[in-house]
Amino acid sequence: MAYVNDNYLKLKAGYLFPEIGRRVSKFAKENPQAKVIRMGIGDVTEPLPAACISAMHAAVDEMARRESFRGYGPEQGFDFLREAIARHDFQSRGAQIQADEIFVSDGSKCDTGNILDILGKSNVIAVTDPVYPVYVDTNVMAGHTGEADAGGRYAGLVYLPMTEANQFVPALPEQKVDIVYLCSPNNPTGMAASRSALEKWVDYARKNEAIIFFDAAYEAFITEADVPHSIYEIEGARECAIEFRSFSKTAGFTGTRCAFTVVPKGLTARTSTGENVELHGLWNRRHTTKFNGVSYIVQRGAEAVYTPEGQSQVRQLVEFYLENARLMCAGLKQAGLTVYGGVNAPYVWLKTPNGLSSWDFFDQLLSKAHLVGTPGSGFGASGEGYFRLSAFNSRANVLEAIERVNKFVQG
Ligand code: MLT
């Protein structure tokens, strides 16, 4: 008889988005005439930038000819893409990241989970609350936690609440932690960390020999000057941070799949016998053993994001969604709701009206307004009483959704 990984049995219910999908499918089946607007999962709606499309078409043509055909590529990504990323996303902002510190992958979701492969089991791990559920669930799967309590908090994790009371800025942990996950601009709250907030985290990490897992998947949505686009804009971050980035939200690649993780050389963690080992080498070993690289065609598409046409097309795409977010914030405020986020992020985080629980609000909004969002409690206990709406949608749907929420709130 084979044995299962018992840790999986500790996981609470299903992963959040499949659970939402299940409820929405049930509703749609029972109400086939309802025109449901989906603002739950943050999935893009607009087509890929033209520059990416033509680069991918050209790459397909290369694959069609024996002399330019390619089989396996380098697992870490082609140099043309790694170099473009290093130059545009980091060096242009004064962050000294080199191409060989960039590992191209098929998604930040996978990378934030897979990174645990190279770290030990005895780390004290801190997450914000609310939090992108993948950080927590992958730690549960890896056996880094005990059981969950009634509120969904797992024993062994350190939770850093982010609520209205602290304006969604998590306090530094009171105890010493070894790993902390930060996401800025934040999923789910849509709020972003200022330079001074990130300086405090880098300072904490260096003093405590901790590592920051910095998820910057939404950096393209930053509009405010005081919000760093990369943790490596902060002095000293190379010694203490791994950064996750994605083309999913920047360039509409959620279905195309391309992302990257930055592991700076010189960033170390300790062995059980007390020696310091570079994580770059371990991640390289993991990546080349368990992953065969992103397709050449997709990497050519991602490279095109950095051409002048690509940059302006991506900017237009991001601005389109940001305008959706702006309209949503204004419209929901007008409806009398308390609203956060939406300025540096494609997510709007609202307080549920009349003290409704997050899931009750979800169910009522679905049944009465035929609108789907994400219950805040699905992101953690401190998300209870909040609700996330994604700005990834057509303009027509956004305007209609605002109207529907208005009607719903007016009762
Ligand atoms: C979300 O809605 O939180 C994101 O789309 C999930 C993801 O990027 O994996």
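Residues numbered from 1 in each chain as written. Predicted model: local features only at pLDDT ≥ 70, side-chain atom pairs only at ≥ 80, totals over all residues. Heavy atoms only, no water.

The name given to the protein chain in an unreviewed UniProt entry is LL-diaminopimelate aminotransferase, and the organism recorded there is Planctopirus ephydatiae. Here the protein chain is described in UniProt, under the heading Pathway (unreviewed entry), as follows: "Amino-acid biosynthesis; L-lysine biosynthesis via DAP pathway; LL-2,6-diaminopimelate from (S)-tetrahydrodipicolinate (aminotransferase route): step 1/1." Annotation of the protein chain in UniProt includes, under Catalytic activity (unreviewed entry), the sentence "(2S,6S)-2,6-diaminopimelate + 2-oxoglutarate = (S)-2,3,4,5-tetrahydrodipicolinate + L-glutamate + H2O + H(+)". (UniProt positions renumbered as here; feature names shortened; annotations may be inferred.)

Before going further, it helps to examine the site of the ligand. Within the structure, the ligand sits among Phe17, Ile41, Gly42, Lys109, Tyr132, Asn187, Tyr218, Lys249, Tyr347 and Arg388. Within the side chain of Tyr132, an N or O atom sits 2.5 Å from an oxygen atom of the ligand. A distance of 2.7 Å is found between an oxygen atom of the ligand and a side-chain nitrogen or oxygen belonging to Arg388. Against a free-state accessible area of 270 Å², the protein chains account for coverage of 85% of the ligand. (Near = heavy atom within 4 Å. Polar contact = N/O pair within 3.5 Å; in protein donor to acceptor, adjacent residues only side chain to side chain. Areas by Shrake-Rupley, 256 points an atom, 1.4 Å probe, with all protein chains shown as cover.)

Turning next to the state of the cysteines. Here, the word disulfide means a covalent bond between the sulfur atoms of two cysteines. Counting across every chain of the model gives zero disulfides. Cys110 takes part in no disulfide bond, and the closest cysteine sulfur, belonging to Cys258, lies 11 Å away. Cys110 gets classed as partly exposed once you look at its relative accessible area, which sits at 29%. (Disulfide = S-S within 2.5 Å. Buried < 20%, exposed > 50% of the residue type's maximum accessible area, 1.4 Å probe, protein only.)

Relative to the helices and strands, Asn393 resides in the loop between strand S15 (386-390) and helix H11 (395-410). We classify Asn393 as buried; its relative accessible area is 5%. Filtering out sequence-adjacent residues up to four positions away, Asn393 remains in contact with Ile37, Arg38, Met39, Thr45, Glu46, Phe320, Tyr321, Asn324 and Val398. Of note is the side chain of Asn393, whose polar atom sits 3.0 Å from the side chain of Asn397. (Helix = DSSP H or I, 4+ residues; strand = E, 2+ residues; numbered from the N terminus. Contact = heavy atoms within 4.5 Å.)

Take the UniProt feature "domain: Aminotransferase class I/classII large" (unreviewed entry) in the protein chain next. As annotated in UniProt, the feature "domain: Aminotransferase class I/classII large" (unreviewed entry) corresponds to residues 35-405 in the numbering used here. Structurally, residues 35-405 comprises 34% helix and 16% strand, and the distance from its first C-alpha atom to its last is 14 Å.

What the seven strands build is an open sheet, ordered S2-S8-S7-S6-S5-S3-S4; its pairing is mixed. Two strands in the sheet have a free side with no partner beyond their single neighbour: strand S2 (102-105) and strand S4 (157-161). Sheet twist, expressed as the average angle between the axes of neighbouring strands with direction ignored, equals 20°. Where strand S5 (residues 179-183) lies against strand S6 (residues 211-215), five bridges are found, and the strand directions are parallel. The residue bridging Cys183 from the neighbouring strand is Asp215, located in S6. (Pairing = 2+ DSSP bridges. Axes fitted to C-alpha atoms, helices over the stretch in contact; angles between N-to-C directions.)

For the rest of this paragraph, the subject is the pattern of salt bridges. The full count for this structure, using the stated rule, is 22 salt bridges. Where Arg23 meets Asp363, a salt bridge forms, and the shortest distance between an N and an O atom there is 3.2 Å. In this pair, Arg23 is assigned in helix H1 (residues 16-30) and Asp363 in helix H10 (residues 358-369), connecting sequence segments 340 residues apart. When the shortest N-O distance is used, the salt bridge between Asp117 and Lys290 registers 2.9 Å. Pair noted here: Asp117 is in the loop between helix H4 (108-114) and strand S3 (125-129) and Lys290 is in helix H7 (residues 279-290), with a separation of 173 residues, a long-range link. Residue Asp117 is classed as partly exposed on the basis of its relative accessible area, which comes to 41%. (Salt bridge = Lys/Arg side-chain N within 4 Å of Asp/Glu carboxyl O.)

Where nonpolar side chains cluster on the molecular surface, the patch consists of Val4, Tyr8 and Leu9 and spans about 350 Å² of accessible area. By secondary structure assignment, the location of Tyr8 is in the segment before H1. A relative accessible area of 44% means that Tyr8 is categorised as partly exposed. (Patch = residues over 30% accessible without salt bridge, like charges linked within 9 Å, V, L, I, M, F, W, Y side chains within 5 Å.)

A word on helix H2 (residues 50-63). For H2, with 14 residues, the first-to-last C-alpha span of 20 Å sits near the 20 Å given by 1.5 Å per residue. Looking at H2, one finds that the buried residues are Ala51, Cys52, Met56, Ala59 and Glu62. With its buried residues spanning 125° around the axis, H2 presents them on a single face. Buried positions along H2 lie against helix H8 (296-303) and helix H9 (308-334). (Expected span 1.5 Å × (residues − 1). Arc of directions from axis to C-beta.)

The next thing to look at is the side chain of Arg404. Among the structural elements, Arg404 can be located in helix H11. Judged by its relative accessible area of 15%, Arg404 falls in the buried class. Within the local environment of Arg404, its side chain forms a polar contact with the backbone oxygen of His370, the two atoms lying 3.0 Å apart. Once you skip the residues sitting within four places of it in the chain, Arg404 turns out to touch Lys35, Ile37, Ala369, His370 and Leu371.

All right, on to the sheet that holds S15 then. With antiparallel pairing, the four strands of this open sheet are ordered in space as S11-S12-S15-S14. Looking at which strands have only one partner, the edges of the open sheet turn out to be strand S11 (339-341) and strand S14 (374-375). As judged from the three bridges shared by S11 and strand S12 (residues 347-351), these two strands associate in the antiparallel manner. Directly across from Val339, in S12, lies its bridge partner Leu350. Along the sheet, H9 makes contact with S11, S12 and S15, crossing S12 at roughly 15°. Packing of H10 onto the sheet brings it into contact with S12, S14 and S15, and relative to S15 it is tilted by some 45°.

Turning our attention to the nonpolar core. Soluble globular proteins tend to bury their nonpolar side chains together. Core analysis: the biggest nonpolar cluster contains 61 residues, and Leu81, Ile85, Ile212, Ile231, Tyr232, Phe247 and Cys258 have the highest contact counts within it. Residues from two domains meet in this core; each of domain 1 (14-43 + 309-409) and domain 2 (53-306) gives at least three. Setting aside chain neighbours within four positions, we find Cys258 in contact with Leu81, Val104, Ser105, Asp106, Ser246, Phe247, Ser248, Phe253, Val294, Val298 and Ala302. Within the second largest apolar cluster, 39 residues are counted, among which are Phe168, Phe362, Phe379 and Tyr386. (Core = buried A, V, L, I, M, F, W, Y, C linked by side-chain atoms within 4.5 Å. Domains from an automatic or database assignment.)

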